[in-house]
Amino acid sequence: MSAPSPHTLLVHARALLVGRWTTHAPARNAAGTPLVLPAAPDAATFSLLGAVRRAAAREEVDMDSRTGLAAVKALRSALGNTQRGVDGAHREIADWCDVDGRTEAQVLEVLDRAIAATGRPQ
C-alpha cells in the first residue's frame, strides 16, 4: 500500500471541517474546551491545520514528511503566499484562519483551492 498523497490528506481534512470548524485552537472537545492535539479521541471540532493534522495522524503521515509539507505548502499557496519554503507557514495559516469575521465557507474555499492544486492521486 502506498503512502497517502497530499491530495488525500487535504480531502480528509475537508471532510473533518464541514460543520466542525473552529478557531483559536487546533481542536476543541464537544464542550468547546481547546485541545492541543487534534488527534485526541475527544476532539470534536478542528481548525484548518488541526483538521490536516488529524487527517495526517489517521493516515500515519508525519507532518514533517514530504506529504505533510506538500499539504501545508498547497494551503499556503491557496492563501496567495507563494514564497518558497514552509518556515512559519503553520503560524501564517493559523493567523489567517483566526481573523475576526473569518467564516467556515472562506476556509473551505481555500482548502478546495489547495485540493485542486494537488491534483488527484495516481
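Once a new chain begins, its residue numbering starts again from 1 and follows that chain's sequence as written. pLDDT decides what is reported in this predicted model: residues at 70 or higher carry local features, side-chain atom pairs at 80 or more are listed and counted, and totals for whole chains, interfaces and linings draw on all residues regardless. Heavy atoms from the whole structure form the basis of all side-chain values; hydrogens and water molecules are not counted.

K.L.:
Would you mind showing me how to read the packing of aromatic side chains here?
P.N.:
Two measures describe an aromatic ring pair: the distance that separates the ring centres and the angle between the ring planes. Aromatic pairing here means that ring centres of Phe, Tyr or Trp (its six-membered ring) are within 6.5 Å. Orientation follows from the plane angle: under 30 degrees is stacked, over 60 is edge-to-face, and everything else is tilted. Enumeration according to the criterion identifies zero aromatic pairs in this entry. Charge over a ring is defined by NZ of Lys or CZ of Arg lying within 6 Å of the ring centre and within 35 degrees of the ring normal. The side chain of Arg102 reaches across the aromatic face of Trp96, ending 3.8 Å from its centre.

K.L.:
What is the right way to look at the nonpolar core in this model?
P.N.:
One broad rule of soluble globular proteins: the nonpolar side chains tend to lie buried together. Each nonpolar core is a collection of buried residues, namely Ala, Val, Leu, Ile, Met, Phe, Trp, Tyr and Cys, held together in the definition by side-chain atoms within 4.5 Å. Only protein chains enter the calculation, and the probe is 1.4 Å; a residue is then buried if its accessible area is under 20% of its type maximum, exposed if over 50%, and partly exposed in between. Leu10, Leu17, Phe46, Leu48, Leu75, Ile93 and Leu111 are the most contacted members of the largest nonpolar core, which has 33 residues in total. By definition, any uninterrupted DSSP run of H or I lasting at least four residues is a helix, any uninterrupted run of E lasting at least two residues is a strand, and each is numbered from the N terminus. Mapped onto this core, the elements with two or more residues apiece are helix H1 (6–17), helix H2 (48–58), helix H3 (66–78), helix H4 (89–97) and helix H5 (104–118). Throughout, a residue-residue contact means that at least one pair of heavy atoms, one from each residue, lies within 4.5 Å. The residues contacting Leu111, other than those within four sequence positions of it, are Leu10, Ala13, Arg14, Leu17, Leu48 and Leu75.

K.L.:
Where do I start with the sheet that holds strand E2 (residues 34–35) in this structure?
P.N.:
By definition, the strands of a sheet pair up through backbone hydrogen bonds, in either a parallel or an antiparallel sense. With antiparallel pairing, the three strands of this open sheet are ordered in space as E2-E1-E3. Each edge of the sheet is formed by a strand with only one pairing partner; in this case those strands are E2 and strand E3 (45–46). Pairing between two strands is assigned when DSSP locates at least 2 bridges connecting them. Inspection of the sheet shows strand E1 (residues 27–28) paired to E3 by two bridges, in the antiparallel sense. Bridge assignment links Ala27 to a residue of E3, and that residue is Phe46.

K.L.:
I'm lost on the environment of Ala39 in this one. Help?
P.N.:
Relative to the helices and strands, Ala39 resides in the loop between E2 and E3. When its relative accessible area of 45% is taken as the criterion, Ala39 is described as partly exposed. In this structure, the C-alpha to C-alpha distance between Ala39 and Ala25, residues 14 residues apart in sequence, is 13 Å.

It is worth stressing that arrangement in space is one thing and function is another; only the former is reported here.
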